[in-house]
Amino acid sequence: MARKVGVYTRISRDDEGESLGVARQQQDCERLADLRSWQVVKTYEDNDVSAFKRNVVRDEFELMLKDLRAGLIDGIVAYDLDRLARQPRDLERLIEIFDERPRLEFATVTNDINLGSPDGRTMARIMVAFANKSSHDASRRIKRKHLELAQQGKDSGGPAPYGWRKDDRTKVDPVAAEAIRKAQREILAGVRIGTIRTRWQQQGLGNPRAGTKRMAHHHVEQILTSPRLVGYRTYRGEILLGEDGEPVKGNWERINTLEEWEAVCAAVAERKQKHPGKSLARKYLLSGIARCGLCKTKIRGQINGRWEPGSKATRYTYQCSVVNGGCGKVSRTGEPVDMLIAQLVLEEQRTRAAVTAVPGEQRWLREDELEQVTQDIAQLVEAERSKQITVATLLQLLPAKERLRDELKLERARFYKEQKQAEAKGDAANLTVEDFFALPIERQQEIVLHSLSAVIINPAGRGRRKFDPSLIEPVWR
Ligand SMILES: [Zn+2]
């Protein structure tokens, strides 16, 4: 007999004017239930209730939990995890019921998550935790509006950035633009940003803080390297890429040619490399590790450039980018890729730790070789001393032996240094996925690179919404 399931749908204010109404969610859920040979016996529909606001009671959600617990339905199909549970608290209540009734079914249209398995629960908890966190920054609706405008190349609101007219931020302010260009020429000639900052403060240029003439160093740098100078639209400090991997262009007048701007950015970046400071750019787990399945170029993470109903503004994408020399044809939503890779890598490291675990410290494998060559040298020296060989012969034979000995010693030092470093960093094999994502991103990347040399992201067909793990190809070391 077919399992009886309930379908949960929710309209959020974000869907306003979008096509992803309840009817569409309902249809997609029913199709999924069909695929699994489940029978949809009831529909729960919460209208325009934000799942991430703490104090809002979702009547139908509550009813569904009750029905689930009472055994009126044997499972749930929802459009996505977001709609179902935005608060970790709600998810835990759901998981509790799945604990009580182990054979319950669970499916969502957009993510492949099974609340019945421990891994699925971990995945769900992380996803809800991510979503919950981002929801609290600001209203999702406002953020989505901003992203939508950005994607259309429309300007954001607020005071005009330095270089453009205060009364019309699409028009260049000639005086400011000239000051920027002059400063850029100086940068290229080797002048430091700090020097330009001092001069600007004296001359009242730039955008000093209200009531003062003071400007922050990074503020001056930002003015001189802003992607806006060449018409690139940014979103949260990153160049926004369209679906084609090309930057989205804004509707304002430009101050630089691409060549001028790139030269200045390169000069500033080069200076920074010599004097490393903190980069303001956001980092993603697989930036520089992921590669495009078509052109094999390295892929970086980007704030999601694609606009589609049901997507969250806070999502990020691994996008093959024309800007970075790629084909621009491959992109994938970042979160499930990171989740998949984290799980695979941790699993592999657990397995490897179990296989290679030996009592005590691991020994360097060429210890015997080093001992041998050390003995050889001693014997040669002894042979010369006892007149078995001449000094000339000794000096012919010795250098090669000494070189080998020194190389081996160096290698041994390196080996033990790395072993010590690995110990100091703690054992990745015992990490849970949650532990992993709680680490600083640099550590996460190190752990991934320990197992993988790259992650190939293969192209997905057009219009495919669902994440397909088989298209993500880890390249093991
Ligand atoms: Zn590519």
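No experiment lies behind these values; they were computed from the predicted model shown.

Student: Please give an account of the sheet that holds strand S4 (residues 105-108) that cites residues and values.
Tutor: Whenever strands of a sheet pair, they do so through backbone hydrogen bonds, lying parallel or antiparallel. Taken together, the 4 strands give an open sheet; going across it, the order is S2-S1-S3-S4, and neighbouring strands pair in parallel fashion. The sheet is open, and its two edges are formed by strand S2 (38-47) and S4, each paired on a single side. Strand-to-strand twist across the sheet, computed as the mean angle between neighbouring axes with direction ignored, equals 20 degrees. One ladder, built from 4 bridges, connects strand S3 (residues 75-78) with S4; its direction is parallel. Looking at the pairing, Ile76 lines up with Phe106 of S4. Sheet contacts for helix H1 (residues 22-35): strand S1 (3-11), S2, S3 and S4; angle to S1, the most-contacted strand, approximately 155 degrees. Strand contacts of helix H2 (residues 59-70): S1, S2 and S3, with the helix running at about 150 degrees to S2, the strand carrying the most contacts.

Student: A description of helix H12 (residues 367-385) should follow, citing residues and the corresponding values.
Tutor: Helical geometry note: an α-helix holds 3.6 residues per turn, so side chains three or four residues apart project in the same direction. Compared with the 27 Å implied by 1.5 Å per residue over 19 residues, the 27 Å span of H12 between its first and last C-alpha is a close match. Within H12 the residues assigned to the buried category are Glu367, Leu370, Val373, Asp376, Ile377, Leu380, Ala383 and Glu384. Immediately beyond the C-terminal end of H12, within one or two residues, lies Lys387, with a positive phi of roughly 65 degrees.

Student: Just give me the short version of the sheet that holds strand S12 (residues 472-476), but keep the residues and values in it.
Tutor: Spatially, S7-S11-S12 is the arrangement adopted by the 3 strands of the open sheet, whose pairing is mixed. Only two strands of the sheet have a single neighbouring strand rather than two, namely strand S7 (290-292) and S12. Shown here is a sheet whose adjacent strand axes are inclined to one another by a mean of 30 degrees, direction ignored. When S7 meets strand S11 (residues 452-457), the two strands line up parallel, connected through 3 bridges. Within the sheet, the bridge partner assigned to Arg291 lies in S11 and is Ile456. Contacting S11 and S12, helix H15 (residues 441-451) runs over the sheet at an angle of about 95 degrees to S11.

Each value, and the rule that gives it
Residues numbered from 1 in each chain as written. Predicted model: local features only at pLDDT ≥ 70, side-chain atom pairs only at ≥ 80, totals over all residues. Heavy atoms only, no water. Pairing = 2+ DSSP bridges. Helix = DSSP H or I, 4+ residues; strand = E, 2+ residues; numbered from the N terminus. Axes fitted to C-alpha atoms, helices over the stretch in contact; angles between N-to-C directions. Contact = heavy atoms within 4.5 Å. Expected span 1.5 Å × (residues − 1). Buried < 20%, exposed > 50% of the residue type's maximum accessible area, 1.4 Å probe, protein only.

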